[in-house]
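Here is how the chains run, residue by residue.
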Amino acid sequence: MAAQPESALPEPTGQPEPTGQPEPTGPLDPGGELRRLAGDCVHCGFCLPSCPTYQLWGEEMDSPRGRIHLIGQLLDGAVASADAVAHLDRCLGCLACMPACPSGVRYDRLIGAARSWAAEPVAALPPRSRRERALRSAIFATFPYPSRLRALIGPLRVAQRTGLDTAIGGSARLTRLAPEISAALRVAPRPSGRRAPRGRLPERVAARGERRAVVGMLTGCVQQVFFPDVNAATARVLAAEGCEVVIPRDQGCCGALSAHDGRMAEAARFARQIIATFERAGVDAIVVNSAGCGSGMKEYAELLADDPAWAGRAEALAGKVADFSEFLAGLGPAATRHPLPITVAYHDACHLAHAQRITSQPRDLLAGIPGIALTEIGDAGTCCGSAGIYNLVQPETAAELGARKAVAVSATGADLVVSGNPGCALQISSALGAAGTPKPVAHLAQVLDASILGRPASVLL
Ligand code: SF4
Ligand code: SF4
């Protein structure tokens, strides 16, 4: 058995250092629930090998068990050192530790709470640096708002056409001074050779043939701006499978990105808007083609549990949310699949595989296409380093994980990588490029769409 975690926190001082930040409004865990959850950990260490940061550094405090120990100390009244906070911040929130845990420890709840303390902030944690706060403010003032994200595309394309992005992103000086900007330029999406849809998706797409379901579709923020072809393919495949697809215009951000970073009040605001929008749509199910968004929406009940006006509505809506692959696998195929003679490596997005425990459905759907040879990536359960905004706020670690993933993907010899999350698609694409082994990356919806439409495999490559 691995060594027990050592304390990385000073003993409680009783008097926290002045932080210049708002004082806590109450204890971290008034009902004691988090303390009970942390107490479920029996320190067995079974989760350690699954943890990407433990794989990288072999440090107890960068393992799930070490982080649970830290969180337990904070709950007991300790005041965190900057080093202790760094161990928590280096967690990807990939949740690979959860399926590995025989005791069923709710690490998602514990790290979610720790992140909310860092975001609020509370006196038990030293405040983030001005630079970190500014970076997060910029990210969260942009990413959840498609119109603001879209405004970045023009300048980005100019930089990419002129090679300015490579010059800046590859500059050792900039990487040293502003690793986050350098990382953002490296993972920024490039125009794909695939045919992009013209205009917006209609608000309603009729089912082809007999109508089997009426489904709502989340368009997502990053997905709709940088991957409109994925959304168009999703709607076409659903329609081809007999679904009437409702795509509300007034849907905003689902809040998953905010929740993943501990910005719970912001996440709850976004969630309420999504709930109201899809309630009005009157659909049987809400299909989500982004793993992070689907995972966040399935947790609406927990997010709004303390809001009596919304708790019931949140639970009802969360019960309708299904990942694209999960929904189609449950529905069963109706449309004919035409052959696609290619080898596909399927990448498990953490928020599909670990958070939603969806691993077989996308593989079964790919295997159901004649001609496709499905291959496994060696380190399938390990995060690629994307992890919400992680590759922007922890760029060095994300790049290291991306480089490892690129090696594992290349070793498959696959023609195409398939992933169910836009962040993973960007991260893997960028890592493969940086390794000098570029490969096309597509969403499952695009592969099914090409097969159903009888298009040649070359449209995906
Ligand atoms: S969420 Fe991921 S990075 Fe964080 S402790 Fe668990 S396995 Fe490690
Ligand atoms: S989180 Fe689970 S697997 Fe990891 S040490 Fe605790 S009980 Fe063991």
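Residues numbered from 1 in each chain as written. Chains lettered and ligands numbered in written order. Predicted model: local features only at pLDDT ≥ 70, side-chain atom pairs only at ≥ 80, totals over all residues.

### Considerations on helix 8 (residues 146-162)
In step 1: For helix 8, spanning 17 residues, the distance from its first C-alpha to its last is 25 Å, which sits close to the expected 24 Å at 1.5 Å a residue.
In step 2: The largest bend in helix 8 comes to about 25°, at Gly 154, with the proline Pro 155 one to four residues further on.
In step 3: The positive-phi residue at the C-terminal boundary of helix 8 is Gly 163, with phi of around 80°. (Helix = DSSP H or I, 4+ residues; strand = E, 2+ residues; numbered from the N terminus. Expected span 1.5 Å × (residues − 1). Bend = angle between axes of the 7 residues up to and from the residue.)

### A word on the domain arrangement of the protein
In step 1: Domain annotation of the protein identifies domain 1 (33-119), domain 2 (130-187), domain 3 (204-329) and domain 4 (336-460).
In step 2: Each of domain 1 and domain 3 has a C-alpha centre, and the two are 29 Å apart.
In step 3: With 6 residues of domain 1 in contact, the opposing surface of domain 3 contributes 5 residues.
In step 4: Taken together, the residues of the side of domain 1 that touches domain 3 break down into 2 nonpolar, 3 polar and 1 charged. (Domains from an automatic or database assignment. Contact = placed C-beta atoms within 7 Å. Nonpolar A, V, L, I, M, F, W, Y, C, P; charged D, E, K, R; others polar.)

### Comments concerning the environment of Gly 378
In step 1: Turning to its location among the elements, Gly 378 is positioned in the loop between strand 7 (373-376) and helix 22 (390-393).
In step 2: Judged by the 13 C-beta atoms lying within 10 Å of it, Gly 378 falls in the partly exposed class.
In step 3: For the pair Gly 378 and Thr 142, spaced 236 residues apart in the sequence, the C-alpha separation amounts to 35 Å.
In step 4: In this view, Gly 378 contacts Ala 408 and Ala 411; residues no more than four positions away in its chain are not counted. (Buried ≥ 20, exposed ≤ 12 C-beta atoms within 10 Å, placed from the backbone.)

### Observations concerning the site of ligand 1
In step 1: Of all residues adjacent to ligand 1, which total 14 residues, the nearest are Cys 51, Pro 64, Cys 91, Cys 94 and Cys 97.
In step 2: Only helix 2 (52-57) and helix 3 (64-75) provide two or more residues apiece to the shell around ligand 1. (Near = placed C-beta within 6 Å.)

### A short note on the packing of helix 15 (residues 264-281) against helix 18 (residues 311-318)
In step 1: In the contact formed by helix 15 and helix 18, the axes pass within 10 Å of each other and the chain directions differ by 65°. Between helix 15 and helix 18 the crossing geometry is left-handed. Of the residues in helix 18, those touching helix 15 at Ala 271, Ile 275, Phe 278 and Glu 279 are Arg 313, Ala 314 and Leu 317. (Axes fitted to C-alpha atoms, helices over the stretch in contact; angles between N-to-C directions. Left-handed = near helix turned anticlockwise from the far one by under 90°.)

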